[in-house]
Amino acid sequence: MMQLPTSVPEADSSSLWSLQNILLNWAEELVGMRDQSKKIYQPQFHENGPNIRNTPSFDGAFSELSYASKNYWPTVVYEMAHETIHLLNPMAGYTNWLEEGVAVEFSIYAQQQFNLTSIQSPHSGPYHEALNMVRLLPSGTFCAARHVRDAVGSLGSVTFEQLCDLFPNHDLKDLHKLSEQCIPR
């Protein structure tokens, strides 16, 4: 099991960066390599976090974590792991239900790798719905996500038609929703 630092997250940029790299490695092992044309920058805390922020030139991106995580490593893991899935193929202002569901599943996975006693996870709302949909995909969330990324390149750019080709026996209503833009309420 991995151990979290004993420092205060906002005062330990080195450990934040190390954690980001650990999470990137785990994500790549599970769902495939990230877009190497984009640079990943140091995570930051922001009042509007968590999300990812693309650089103005779109040459890369970074995780913006909420102020709620500034002093609590378990929340850093929860938020940063979720955002790490988005960092694999950072897209400006867009995500679909598939990518959100995989991001939620990966945040749960990361918390388990750190043996956290209280796993943070959505219990209702769009993130919960996205998680439930990806858990129904053939071969499990991460194998299905790798299959999509191997075929299409990005979770966020997959179309309904591509999902139908990749998962021909799966519920069409779910595949349609997974390909739609997800705007959390």
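What you see is a predicted model; the values in this text were computed from it and never measured. (Residues numbered from 1 in each chain as written. Predicted model: local features only at pLDDT ≥ 70, side-chain atom pairs only at ≥ 80, totals over all residues. Heavy atoms only, no water.)

### Digging into the overall build of the protein
Logical step 1: On a plain count of helices and strands, the protein comes out with seven helices and four strands.
Logical step 2: Start at the N end of the protein and walk to the C end: the helices and strands fall as α-β-β-β-β-α-α-α-α-α-α.
Logical step 3: Relative to the 2.2 N^0.38 estimate, which gives 16 Å for 185 residues, the radius of gyration of the protein is 16 Å and therefore close to what a compact globule would have.
Logical step 4: With respect to the principal axes defined by its C-alpha atoms, the protein has extents near 50 × 40 × 30 Å. (Helix = DSSP H or I, 4+ residues; strand = E, 2+ residues; numbered from the N terminus. Rg over C-alpha atoms; globule rule 2.2 N^0.38 Å.)

### Here's the deal with the nonpolar core
Logical step 1: Core analysis: the largest hydrophobic core is formed by 45 residues, its most contacted members being Ile85, Leu98 and Leu178.
Logical step 2: Counting residues per element, the ones that place at least two in this core are helix H1 (13-31), strand S4 (60-65), helix H2 (73-87), helix H3 (97-113), helix H4 (125-135), helix H5 (141-152), helix H6 (160-166) and helix H7 (172-179).
Logical step 3: Residues contacting Leu98, with those up to four places away along its chain left out, are Val134, Leu137, Val148, Leu155, Val158, Leu163 and Leu178. (Core = buried A, V, L, I, M, F, W, Y, C linked by side-chain atoms within 4.5 Å. Buried < 20%, exposed > 50% of the residue type's maximum accessible area, 1.4 Å probe, protein only. Contact = heavy atoms within 4.5 Å.)

### A word on H7
Logical step 1: Residues of H7 that are buried: Asp174, Leu175, Leu178 and Ser179. In an axial view of H7, the angular spread of the buried residues amounts to 130 degrees, which keeps them on one side of the axis. Exposed and facing more than 90 degrees away from the buried side of H7 are Leu172 and Lys173.
Logical step 2: Packing partners of the buried residues in H7 comprise H3, H4 and H6. (Arc of directions from axis to C-beta.)

### Comments concerning unusual backbone geometry
Logical step 1: Here the residue pair Gly49 and Pro50 is connected by a cis peptide bond, since its omega of 5 degrees sits within 30 degrees of zero.
Logical step 2: Mapped onto the elements of the fold, Pro50 is located in the loop between strand S2 (44-45) and strand S3 (51-54).
Logical step 3: Even without a glycine there, the phi angle at Phe58 is positive, about 60 degrees.
Logical step 4: Secondary-structure assignment places Phe58 in the loop between S3 and S4.
Logical step 5: Using a relative accessible area of 44% as the deciding quantity, one classes Phe58 as partly exposed.

### Things to note about the packing of H1 against H2
Logical step 1: At a closest axis distance of 9 Å, the pairing of H1 and H2 adopts a crossing angle of 50 degrees. Classified by the angle their axes make, H1 and H2 are oblique. H1 and H2 meet at a crossing whose hand is right-handed. In this structure, H1 contributes Ser15, Leu16, Leu19, Gln20, Leu23, Leu24, Ala27 and Val31 to the contact, and H2 contributes Trp73, Val76, Val77, Met80, Ala81, Thr84, Ile85 and Leu87.
Logical step 2: Counted by class, the contact of H1 with H2 contains 13 nonpolar, three polar and no charged residues. (Axes fitted to C-alpha atoms, helices over the stretch in contact; angles between N-to-C directions. Parallel < 35°, antiparallel > 145°, perpendicular 65-115°, else oblique. Left-handed = near helix turned anticlockwise from the far one by under 90°. Nonpolar A, V, L, I, M, F, W, Y, C, P; charged D, E, K, R; others polar.)

### Topic: the pattern of salt bridges
Logical step 1: Across all of its chains, the model carries four salt bridges by this definition.
Logical step 2: Of the charged contacts, one joins Arg135 and Glu105 as a salt bridge, the two residues approaching to 2.9 Å between their closest N and O atoms. Within this pair, whereas Arg135 is found in helix H4, its partner Glu105 is found in helix H3, the two being separated by 30 residues in sequence.
Logical step 3: Classification of Glu105 by relative accessible area gives buried; the value is 12%.
Logical step 4: A salt bridge links Lys177 to Glu129; its shortest N-O distance comes to 3.0 Å. Separated by 48 residues along the polypeptide, Lys177 in helix H7 and Glu129 in helix H4 bring together distant segments of the chain. (Salt bridge = Lys/Arg side-chain N within 4 Å of Asp/Glu carboxyl O.)

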